[in-house]
Every structure is written in C-alpha cells, then in structure tokens.
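# Observations on the model geometry
Chain residues, written in single-letter form:
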Amino acid sequence: MDKRGLLKKIDSLPPAPSWQCHTVQGNGDVPDYNGECQMEELFVWCRNPVDCVKELIGNPAFKEAMNYAPEKVFTDSSEADQVFNEMWTGEWWWDLQEKLPEGATIAPIILASDKTQLSQFSGNKQVWPVYLTIGNIDKAIRRHQPSKQAMVLLGYLPVTKLECLSPESRKERAYRLFHYCMSLIVEPLIATGKDGVYMTCSDSQIHLVFAILAAYIADYPEQCSVAAICENLCPICTVLPDDRYAPTRNPSTILKALRSSETGMPLPAFKNLHLRPIPQPFWATLPHTNIFECFTPDLLHQLHKGVFKDHMVNWCVKMAGKGGAQEVDERFKCLPDHPALGHFKKGISTISQWTGRKHKEMEHVFASLIFGAVLPDVAAVARATIDFIYYASFPSHPTETLRRLQDSLQTFHEHKAVFIKAGIRKHFRIPKIHIMEHYAHLIQAKGSADGFNTEMSERLHIDCAKEGYRASNKKNYMQQMIQYLWRQESIHKFTAFLAWTNATRPVINRSDDEDSDSSTESETSGMEEPVEPISCVPGTRWHIPKQAPMPGTSLQDLIENHGALDIVAALGMYLHQYVPHCQITPSKFDRIDVYTRLYIDLQSPQCLDDDIQKDIIRACPASHSPWKKYLVPAHFDTALIHDTRDAEDIGLKGYRAARIRAILCLPHWFECSDTLAYIERFTNFTLPVEPLRMSQVSYSMRHNRKYGEIVRMNSITRSCHLTPKFGSAKHRNQTWTSENVLDECPTFFLNSQLSY
C-alpha cells in the first residue's frame with residue numbers, strides 16, 4: 001500500500017470531532033497606499049466543545065477513572081477531617097449540584113490556553129492553542145498520561161501583530177480580539193449549560209449533562225487578559241496594593257463597569273477596578289460561571305519560576321553579601337549528590353535556560369544550602385517559601401496540610417521585613433506572592449493544585465502544535481497541522497477501541513497445565529528477583545539484581561575500594577550474634593558477591609493510591625567507564641535505617657542515618673542467606689535547628705574511627721540526603737567537593753525537603 005492509500009484508510013476511520021473555521025475581519029485605522037484603512041483577515045480554527053465533551057465523557061477507556069457526582073472524602077469514620085484531592089471532592093461541585101435539576105450530571109469544563117513558538121531558529125512563527133478537558137476524569141489521567149488524550153485540542157486562536165492598527169490602539173484591540181475569538185469557541189456551551197444535553201457516558205448510561213466552565217488554566221498575563229483587568233493586579237480579588245485580603249471580584253459589577261466604557265461615560269468602578277475596555281468578555285453569557293473563581297493555582301509559573309526562582313533566590317543571593325553569587329555557586333558545587341536530585345556541578349549563575357525540573361531540583365536543597373550564609377530571618381523566609389510550595393504541590397489535602405500551608409505563608413509574612421531593612425526590596429506588591437493567599441480556598445473549592453498545573457499545556461504543545469508544524473511544508477501550515485492532528489486522533493481512537501475490545505474479550509483458560517507453567521516461567525525469568533523483608537514495613541519492597549555486578553570480591557577489596565575499614569570485624573560480630581551455629585571466622589581473603597545498587601519500592605507518602613516510588617541507594621566504588629575517558633567517582637549514598645523497635649511510620653523516632661558502604665551476599669558455607677549491608681552509623685538526630693527546622697547528625701565514632709557494622713538489607717528504610725553544615729562564608733571549608741564532602745564534613749543536616 002502506498003502513502004496515498006494509507007491516508008485514505010486513515011480518513012475512513014471513525015473520525016474525531018470535526019473542525020470548523022471562523023473568519024474574523026479586522027478593520028484597521030492605518031491608511032494604505034490608496035488612502036483607505038487597511039484590513040486584516042484572521043481565522044479562528046475550533047471544534048464544538050460539546051462534541052469534545054461527548055467524546056471524553058463517553059470514552060469507555062476512562063470508565064474506571066470517571067466520576068459523575070460530587071463526593072465528600074474524610075480521613076476517618078468520624079468525618080471530622082475532610083480531604084480535598086479530585087475535582088469532585090471540592091465545594092464548588094457540591095454548591096452547583098444543588099442549583100441544577102435532580103439527576104443532573106455536571107461536566108466541569110477545564111480550559112487551558114498558552115502561546116507557543118513553532119519555529120526554533122528563524123521565522124518567529126507562533127500558535128495559540130486552546131485545550132479542553134473535564135473534571136470528571138481522574139487528574140492522574142489528565143495530567144500524567146497525555147498519551148491517553150484526556151485533554152484535547154479545542155482550537156487555535158489567531159496570532160497577529162495587528163499591523164493594520166496604529167501602535168496606540170493595538171494593545172486594546174488585541175484584548176478585544178482575544179475575547180471575541182474565545183466567544184466564538186465557547187458559544188455552544190451557553191445552551192448546554194442552561195438546559196443540559198443527554199449524553200451516553202462511559203458507564204453505558206445516558207446522563208443529562210450540563211457542561212459548565214469551571215476552571216481556566218493560564219499563566220498570569222493571560223489570566224489578566226481573561227479577567228479584563230490591567231496587569232500587576234490580582235485577577236481573583238480586588239485587593240489594594242498594601243493589603244493581603246479583599247473580597248472576590250463580582251462578575252455583575254465588573255460587567256456593568258465594562259459595558260459603561262463603551263458609552264463614553266464609564267462608571268467609577270471601571271477606573272477603581274483598573275479594567276480594560278472590553279464591553280463583552282467571552283465569559284459574560286456562560287451560565288453558572290464566575291470567571292474570577294475559575295482561575296486555578298499555577299505551580300509552574302507562579303511558585304516554581306515566579307516566587308522561588310525569580311524572587312526568593314535572587315533576594316537570598318543578594319543578602320549573602322558581596323560575592324554572594326559566587327558563594328552560593330560554591331555551595332551548590334560541593335553538595336553530595338543523590339540519585340533523585342540533579343547536581344549543579346557549575347553552580348546556578350551560569351545556567352542560561354531554566355526549566356521547571358531545574359527549579360524543583362534547586363528547591364530540594366536551597367534552604368539548607370544558604371543556612372549560615374544569610375541572616376536567620378532570611379533562612380526562615382526561604383524555608384517557609386519552599387514549605388508552601390511543597391504543601392501546595394500535595395496531591396491530596398486533609399485539613400492539617402491546608403493549615404500548614406497557611407502557617408508557612410504566615411511565617412513568610414512575619415519575617416519578610418528583613419529584605420526591606422536590608423534595602424533589597426521596597427515593597428512586596430507582587431501579584432504572584434499575593435495569589436498565594438488564595439491557594440487554600442482554591443484547593444477547597446476545586447481540588448488539589450496539581451490537577452490544574454500549566455505543565456499540562458506545556459506538554460501538550462509538543463503533540464498538538466510542534467509535531468504538526470514539523471509535518472507540514474511550513475507554508476499555510478495551519479490547515480496542514482489540523483489535518484495531521486485529526487488523522488492522529490483518528491488513529492488513536494481506533495487503537496483505543498482495539499485495546500478496549502481486547503480487554504473486554506473473555507479469557508479462555510487453557511487445559512494444558514504444562515503450557516501454562518512454561519509460559520509463566522518464561523515471563524518471569526527476566527524480572528528482578530525481589531528480596532523479601534524480614535520485618536516488613538507496609539508498602540515497602542527491596543530488590544537487587546539477580547546477578548551480582550561484582551561477584552567474588554574479596555573483603556580486602558571492600559576495605560581498599562569501598563572504604564569498609566572494619567568489615568572483617570563487623571562481619572564476625574554479625575555472624576556471632578545472628579548465625580551462632582556458623583563455625584567459620586571471616587578473614588580479609590574471603591570472597592563474596594557484592595551489589596552496587598539497592599532498589600526500594602516505596603508507597604506514596606499519603607497512601608492515596610497504588611503508585612509506587614522507586615528509591616535507589618548506591619554503593620559504587622570509583623571506576624573507569626568504558627565509554628568515558630575520565631574516572632567515574634564513587635557513590636556511597638546515605639539512608640535511614642531502623643535503629644529501635646519503636647520506629648514509627650511518620651517522623652524520625654526509631655531511625656538513624658547511615659552511609660551504605662557495601663551491599664553483599666555471603667557464600668553458602670557461612671550458612672547465612674540474608675542480603676547484608678555494611679554501614680557507617682551517624683549519631684542520633686538532634687532537635688530541629690531553628691529557623692531551618694532540620695536535625696543535625698555527625699558520624700558515630702569508636703576509638704577515633706567511624707563506627708561500621710553489618711545490618712540486614714531490610715533494615716534500610718529509604719534513602720536520605722545529608723547536606724553539610726557550611727556555616728558562614730568565612731568559615732566554609734574551601735577543600736570540600738561533591739566527592740569528598742561526606743568524608744570531610746563533621747556535621748550534616750538531614751534534608752527534610754528531599755521530596756514532596
């Protein structure tokens with residue numbers, strides 16, 4: 001089959017929702033060569049949002065991840081502590097459900113829009129996609145599995161420079177153009193929101209569905225455009241510059257003020273509320289929609305990039321004094337690495353292109369890193385800011401985490417004056433900082449913030465914009481992009497249908513037991529063999545490779561290359577205590593199997609679902625890699641180990657930090673089948689050091705040597721990250737590097753911000 005025949009086959013598949021093109025005529029005020037005003041013809045490509053909702057809510061692939069009614073979730077049977085995670089657990093859904101007819105099903109529309117660049121090096125070609133999803137679908141599907149297409153492309157807004165207009169009027173007309181084009185896209189939602197539409201849903205039932213705009217995901221400038229307000233203001237409330245709190249904006253008051261601007265005699269509210277002259281915003285006619293309550297937390301642009309990177313990091317570097325940037329760089333360079341963290345080998349001042357991932361990696365270590373280089377109040381602000389970001393990123397919020405979220409914000413405000421006293425800031429009238437005041441309310445209303453992150457639209461730009469552009473001939477590319485995407489959706493829809501039919505097809509049990517046994521054996525033969533724990537921690541499993549990477553390694557090699565100085569004596573003590581019937585005394589000439597990695601499956605900290613986090617602990621000596629010309633440094637990671645029987649699931653009681661020097665299995669003649677680890681213990685955790693609120697540890701010493709011992713592998717709970725206690729810039733040890741700091745530094749902080 002040739003290419004044309006293949007495309008015909010694809011075009012014959014059951015289609016996705018069809019596209020339509022609206023033509024918008026733009027009248028300018030700049031005369032052309034004939035003295036007449038120039039005009040510009042623009043095109044709005046879009047699909048019917050009601051058809052998209054039918055496609056999503058009726059998709060049988062989402063049957064197990066679909067919800068049709070609000071729910072209230074509590075931490076226990078007393079129903080005293082409510083939990084907010086999915087959109088249907090929020091108060092907004094409950095409040096709206098009471099206003100609709102009995103038996104009505106709400107389909108909360110979530111829109112997202114964001115401009116993106118198509119051409120990389122030349123051409124300056126941009127596209128402005130608008131995406132749609134519904135809050136009935138589990139947020140884990142919407143956000144973390146873009147391949148399932150739970151968020152679909154709704155349309156493209158026109159991107160134009162409006163050269164037919166004079167520079168003075170371009171900005172105002174651009175805002176009006178945005179709202180007019182959006183009104184064309186969302187117009188079918190008006191009737192659906194008022195009267196509802198019967199739809200066949202994924203549960204094979206027919207529901208009366210009311211599709212209502214519930215959330216609009218956008219960065220801050222676009223939020224201001226949607227709200228029809230000037231920038232540097234809050235798009236949610238009417239707060240004054242020096243205040244923290246104010247009532248939410250009233251849509252009726254805003255609409256009256258906007259419409260009065262068209263008469264030439266605007267109401268006082270138009271000026272007082274700093275509105276833009278947009279007489280008919282697109283959300284004005286949408287039923288049951290308060291656009292100012294539709295704006296959602298933006299973890300990426302507001303917190304990671306805005307509050308943390310653009311503000312907090314810069315302020316702290318300046319507070320570090322002259323040469324503060326170099327001091328911070330040096331501290332980043334000599335931090336011990338961790339498998340779950342990125343290492344800034346050259347510091348942070350030389351990074352030219354930041355990503356959300358780099359912001360998050362810096363947040364994990366920043367508070368402990370600057371401690372000692374800045375005033376205690378500055379460290380308190382940095383710690384509170386990162387705590388707020390962590391709490392806001394939680395996938396589920398009981399009342400306790402929302403209270404801690406507010407406490408972190410309160411701590412920030414209590415200590416922020418230190419920047420004004422130092423002359424770093426004159427005020428804190430920063431919209432992204434103010435919007436943090438709304439996070440707790442927004443989470444209670446619409447669910448956790450991770451379900452509305454702008455990272456979703458950033459990821460979709462690849463599939464719904466950039467790949468389509470690359471598949472075009474770069475001329476009149478918009479129509480080619482749409483055709484490409486339409487065909488891709490048809491293929492995906494047919495593929496999903498085949499997967500669904502295979503999943504629902506009845507399984508025929510084989511009567512041939514031998515075939516069944518051999519099949520099972522072949523499927524499991526290539527998997528890593530789990531090492532079962534002796535004292536099991538719920539949700540935790542340990543794994544090592546089936547074949548040891550370093551078989552037949554002598555104990556002398558472990559002493560020389562792993563730094564396991566007392567392994568012979570420690571192994572003898574372990575055998576004497578736990579394998580008393582063993583008559584063999586270990587010596588440095590004994591050979592054992594050594595592993596370089598330990599894998600631990602950890603359950604989600606909040607135990608919300610079956611998601612498993614893979615934790616890695618390394619015990620690798622320095623080596624020459626065959627494909628690298630330089631020496632690969634050694635990695636002996638730190639971990640938390642069970643120290644006493646009263647260890648708790650939450651907190652540090654009963655645990656100690658330890659450095660893993662070797663992971664090993666003994667030969668059969670030692671009569672010990674356990675997988676063991678040689679560790680160097682640290683002292684008990686101290687009380688948290690204020691204002692950092694992290695515990696300190698040092699190496700446990702015996703006879704002026706680091707105390708080493710042998711423990712069972714299942715005593716290791718999880719990896720941890722120890723950051724050196726740098727102290728002031730004057731007293732920081734200049735010889736520390738990332739490779740030797742765990743050996744040379746006398747005191748460490750247990751990094752409690754390693755993970756969310």
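Residues numbered from 1 in each chain as written. Predicted model: local features only at pLDDT ≥ 70, side-chain atom pairs only at ≥ 80, totals over all residues. Heavy atoms only, no water.

For the rest of this paragraph, the subject is the nonpolar core. The biggest cluster of nonpolar side chains holds 148 residues, and the ones touching the most others in it are Met 182 and Phe 332. For this core, the leading source of residues is helix α13 (residues 376-392), giving 11 residues. Apart from residues no more than four positions distant in its own chain, Met 182 is found in contact with Leu 111, Val 130, Leu 157, Tyr 216 and Phe 282. In this structure, Trp 93, Leu 96, Met 151 and Phe 210 belong to the second largest nonpolar core, which totals 35 residues. (Core = buried A, V, L, I, M, F, W, Y, C linked by side-chain atoms within 4.5 Å. Buried < 20%, exposed > 50% of the residue type's maximum accessible area, 1.4 Å probe, protein only. Helix = DSSP H or I, 4+ residues; strand = E, 2+ residues; numbered from the N terminus. Contact = heavy atoms within 4.5 Å.)

Turning our attention to the pattern of salt bridges. On inspection of all chains with the given rule, the structure shows 33 salt bridges. A salt bridge links Arg 403 to Glu 400, with the nearest nitrogen and oxygen atoms 2.4 Å apart. With a gap of 3 residues between them, Arg 403 and Glu 400 both fall in helix α14 (residues 399-415), about one helical turn apart. Put simply, Asp 407 and Arg 403 hold a salt bridge, and the shortest N to O gap is 2.6 Å. Here Asp 407 pairs with Arg 403, and both are found in helix α14, just 4 residues apart, close to one helical turn. Accessibility expressed as a relative area gives 35% for Asp 407, which makes it partly exposed. Within this structure, Arg 659, Arg 661, Glu 680, Lys 706 and Asp 743 form a network of salt bridges that share partners. (Salt bridge = Lys/Arg side-chain N within 4 Å of Asp/Glu carboxyl O.)

Spatial ordering of the open sheet is given by β3-β4-β11, a layout of 3 strands whose pairing is antiparallel. The sheet is open, and its two edges are formed by β3 (73-74) and β11 (397-398), each paired on a single side. Of the strand pairs in this sheet, strand β4 (residues 82-84) and β11 are connected by 2 bridges, and their pairing is antiparallel. When the sheet's bridge partners are listed, Phe 84 is paired in β11 with His 397. (Pairing = 2+ DSSP bridges.)

For any two helices packed against each other, one specifies the crossing angle of their axes together with the interaxial distance. Where helix α5 (residues 167-186) meets helix α6 (residues 188-195), the closest approach of the two axes is 5 Å, and the angle between their N-to-C directions is 50°. Classified by the interaxial angle, the pair formed by α5 and α6 is oblique. Contact residues: α5 offers Leu 184, Ile 185 and Val 186, while α6 offers Pro 188, Leu 189 and Ile 190. Taken together, the residues of the contact of α5 with α6 sort by class into 6 nonpolar, no polar and no charged. (Axes fitted to C-alpha atoms, helices over the stretch in contact; angles between N-to-C directions. Parallel < 35°, antiparallel > 145°, perpendicular 65-115°, else oblique. Nonpolar A, V, L, I, M, F, W, Y, C, P; charged D, E, K, R; others polar.)

A separate point is the sheet that holds strand β29 (residues 722-724). Two strands in a sheet stick together by hydrogen bonds in their backbones, pointing the same way (parallel) or opposite ways (antiparallel). Strand order in this open sheet of 3 strands is β24-β30-β29, and the pairing throughout is antiparallel. Here the strands that pair on one side only, and so sit at the sheet edges, are β24 (696-697) and β29. Looking at chain direction, β24 and strand β30 (residues 748-750) are connected through 2 bridges and run antiparallel. Each residue of the ladder has a partner; that of Val 697, found in β30, is Phe 748.

Following Glu 690, the chain continues into Pro 691 via a peptide bond in cis, with omega recorded as 0°. Structurally, Pro 691 is set in the loop between β23 (675-681) and β24.

For the pair α5 and helix α7 (residues 220-227), interaxial distance at closest approach is 10 Å and the crossing angle is 75°. Here α5 lies roughly perpendicular to α7, going by the angle between them. Here α5 contributes Tyr 175, Phe 178 and His 179 to the contact with α7, which in turn contributes Glu 222, Ser 225 and Val 226. Each residue belonging to the contact of α5 with α7 can be placed in one class, and the counts come to 3 nonpolar, 2 polar and 1 charged.

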